[in-house]
There are 2 protein chains.
Amino acid sequence: MAQQHPDPTDPTAGPVTGDALAGYLRAQATEFLRALRLHRETGGGASNGTAESVDAARALRRSARRISASLHTFRPLLDPDWSERIRPELAWVSGTLAMEHACAARLERLLAALHRLSGARAFPTQAAASGSAVPGNTNPSTHPTPTSERGNHTVGAAKAGALLERQLTLARTRAHSTALQALGSSRFHAVADNIAVLASEVPLTPAATATDLHPLSAAAEEQLTDAVAALPLVTAGHPYNAEALIHGLSPDPAPHPQDAPWHQVRLLLRLHRYAREVLYGDNAPTDVRLLAAGQALNRHRDASEAATGAAQAARTPRIAPATAYALGVLHADQRHEVEAARFAFQQAWQKQAVSAP
Amino acid sequence: MAQQHPDPTDPTAGPVTGDALAGYLRAQATEFLRALRLHRETGGGASNGTAESVDAARALRRSARRISASLHTFRPLLDPDWSERIRPELAWVSGTLAMEHACAARLERLLAALHRLSGARAFPTQAAASGSAVPGNTNPSTHPTPTSERGNHTVGAAKAGALLERQLTLARTRAHSTALQALGSSRFHAVADNIAVLASEVPLTPAATATDLHPLSAAAEEQLTDAVAALPLVTAGHPYNAEALIHGLSPDPAPHPQDAPWHQVRLLLRLHRYAREVLYGDNAPTDVRLLAAGQALNRHRDASEAATGAAQAARTPRIAPATAYALGVLHADQRHEVEAARFAFQQAWQKQAVSAP
């Protein structure tokens, strides 16, 4: 199998053909089945899942995504009927399994942000003292706030945290049930049967074993490059451009439409990364630039969804104004995280791809 | 008088002495009296002030600040009793006159931010459409929001704008009355009498006319440099450091204590600028670096006070949650403006001072 994955830095290396694709798909299918078995053995059916079953679910998603992506990128090499039938099913599996994790991660992110915004560090009030040595300190707003008003925003932060915890824990529990139902369904069993077949027999087209994978992989990379070129990178590279929050109070429903092209690039970057895995396997050199760009886009997606979560929580009927205020601060904070992630992506992307094949 | 202000780029230029200080103070005192006459003639007593009376009040503040700053920086050259008596009075005058302007500017800034956050531009909802061509789009939060919830945040923005307008217009009217009362008071008449004397006769010490101003001006610059060195400039130069909002929901009363050292630098920068005016008059070369740094610190101050205004408005009893949410977003937005201003200051300051004398 090592011979199917030539050193990508070796220009004399021969073409990589459908055999490599078949090997990759078989390996991912085996991994899928292993994770599925592990998930069943480690109490995947428990109400919240053990650490092992969470890992197993992650491994299931991981291989489902890779199989689905490879069917997409290298579709001319595969039986089209089979390929078109299985791809949406794999997307359903990974999507359904991802929801529980997404709820948990979103709650964790929002509670961490609330904690940060509540100022874990304590320090004395020094605002009034330090300007006094200089004449002309005409700041009209240095009047001390009455003590009775001081705790208002902290109370709001605590209440906002409790509200988010309640809502996202409920969403997570529901997502867990949905995932369990899905894994027990006849629809999922049909997917698992297909993957079991794939583990031994990949439905390649007759010409596949003689077809070079590079042009299809290059096409995936080109799609990525085109999508990146369409992003507003000049703006993103200008710190504090205030773009991400520009519709923070607009009537458009969440998520912000401006985020969509970035989410799209995140998916295309993943396709490109998986195509590299097919071509080079374990020999693929770590591309620090791709890694940093991908991390920035993950952060972008997480912050975007967390901001939406805060905005949605603020629409809960009959919440206290202090709670709503804290959720507004939290929403804006996460939208700035979105902007920060775009800046990080721009910085990562503009670096020359020195080690990439 | 031009001979008192040598070309600062000319190393053979002679020392600048107390005569230059006297000339500067006489000119500023004359300007103060001119602005005061103009203010009285242009209806400074009207309920909201004409454009001319607003200009006159600005000119009054401007000269009061310069006289006060010069008395501070060059205090060894002036009669100490007189100097110590008049300085707090000038700070009172410029402080009292500044409040009305500050309220108006704060309201303008907050309404502009609300307008921006409400998304003046309209566009179709495209979030769901653009990710669909790619497999594995597992975003669990792309469910469309029910139409009934869509307008909630916009309503909040409108209500928040109305609330801020009400509160800050009231504060402005009060500040206007306070300023009018101050200008009609015997305390102010005593200040004006002192300035009238200053316009013809500056109370220099006997040694002043033989004393070089450069060491005192250099001391003012050194104070500035020291204060800048104590700022967290490494953090500020790192975009999206999220420092400015770190106590956004903390129980500490506004304004944020972390802003104080920056406000202090703003005042020291102003002292340095006025000292340059005393030494070089109209010959002072425009120092682009100082200009940019000063503008960044003004923006820092304005955003800091606007953020405080939004937080204070959110403490109004019985406001709707949607209003409080919008004020939370607005507060966080202005705190990010604070962070952006610090970044701008860091960028301006790190540039070499090539043309400064």
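Residues numbered from 1 in each chain as written. Chains lettered and ligands numbered in written order. Predicted model: local features only at pLDDT ≥ 70, side-chain atom pairs only at ≥ 80, totals over all residues. Heavy atoms only, no water.

As recorded by an unreviewed UniProt entry, chain A carries the name Metal-binding protein and is attributed to Streptomyces dysideae.

A. Region of the structure containing the overall build of chain A. Secondary structure assignment for chain A yields 12 helices and zero strands. For chain A, the α and β elements follow one another from N to C terminus as α-α-α-α-α-α-α-α-α-α-α-α. When contacts within chain A are restricted to residue pairs at least 6 apart in sequence, those whose partners lie at least 24 apart make up 86%. As displayed, chain A has an accessible area near 15600 Å², and 55% of this comes from carbon and sulfur atoms. (Helix = DSSP H or I, 4+ residues; strand = E, 2+ residues; numbered from the N terminus. Contact = heavy atoms within 4.5 Å. Areas by Shrake-Rupley, 256 points an atom, 1.4 Å probe, with all protein chains shown as cover.)

B. Quick look at the side chain of His272 of chain B. All names here are of chain B. Here His272 is to be found in helix α10 (residues 260-280). The exposure class assigned to His272 is buried, which follows from its relative accessible area of 5%. With near-sequence residues (within four places) excluded, His272 lies in contact with Glu221, Leu224 and Leu290. (Buried < 20%, exposed > 50% of the residue type's maximum accessible area, 1.4 Å probe, protein only.)

C. Spatial organisation of the packing of helix α1 (residues 18-41) of chain B against α10 of chain B. Residue and element names in this part refer to chain B. Axis separation between α1 and α10 bottoms out at 8 Å; the angle between their running directions is 110°. By the angle between their axes, α1 is roughly perpendicular relative to α10. Viewed along their axes, α1 and α10 form a crossing whose handedness is right-handed. Counting all contacts with α1, which are made through Ala20, Leu21 and Tyr24, the residues of α10 involved are Tyr274, Glu277 and Val278. The residue inventory of the contact of α1 with α10, partitioned by class, reads five nonpolar, no polar and one charged. (Axes fitted to C-alpha atoms, helices over the stretch in contact; angles between N-to-C directions. Parallel < 35°, antiparallel > 145°, perpendicular 65-115°, else oblique. Left-handed = near helix turned anticlockwise from the far one by under 90°. Nonpolar A, V, L, I, M, F, W, Y, C, P; charged D, E, K, R; others polar.)

D. Layout of the side chain of Thr73 of chain B. Tracing the backbone through its elements, the reader meets Thr73 of chain B in helix α2 (residues 51-73). When neighbours within four sequence positions are excluded, Thr73 of chain B is seen to be in contact with Leu216, Ala220, Leu271 and Ala275 of chain B.

E. Spatial organisation of the packing of aromatic side chains. If you walk through the whole model with that rule in mind, you get nine aromatic pairs over all chains. Note on Phe345 of chain A and Trp349 of chain A: the rings are 5.5 Å apart at their centroids and 15° apart in plane angle, and the pair reads as stacked. With Phe345 of chain A and Trp349 of chain A both in helix α12 (residues 321-350) and four residues apart, the pair spans about one turn of that helix. On the basis of relative accessible area, Phe345 of chain A is assigned to the buried category, the value being 0%. Taken together, the ring pairs in this structure connect Tyr240 and Phe343 of chain A together with Tyr240 and Phe343 of chain B into an aromatic cluster. Across from the ring centre of Trp349 of chain B, 4.2 Å away, lies the NZ or CZ of Arg289 of chain B, which sits over that ring. (Phe/Tyr/Trp six-rings, centres within 6.5 Å; stacked < 30°, edge-to-face > 60°. Lys NZ or Arg CZ within 6 Å of the ring centre and 35° of its normal.)

F. Local environment of the pattern of salt bridges. Residue and element names in this part refer to chain A. Summed over the entire model, instances satisfying the criterion amount to 23 salt bridges over all chains. The salt bridge involving Arg335 is made with Asp259; its shortest N-O contact spans 2.8 Å. Of this pair, Arg335 sits in helix α12 while Asp259 sits in the loop between α9 (233-236) and α10 (260-280), placing them 76 residues apart in sequence. Note on Arg335: relative accessible area 0%, which makes it buried. (Salt bridge = Lys/Arg side-chain N within 4 Å of Asp/Glu carboxyl O.)

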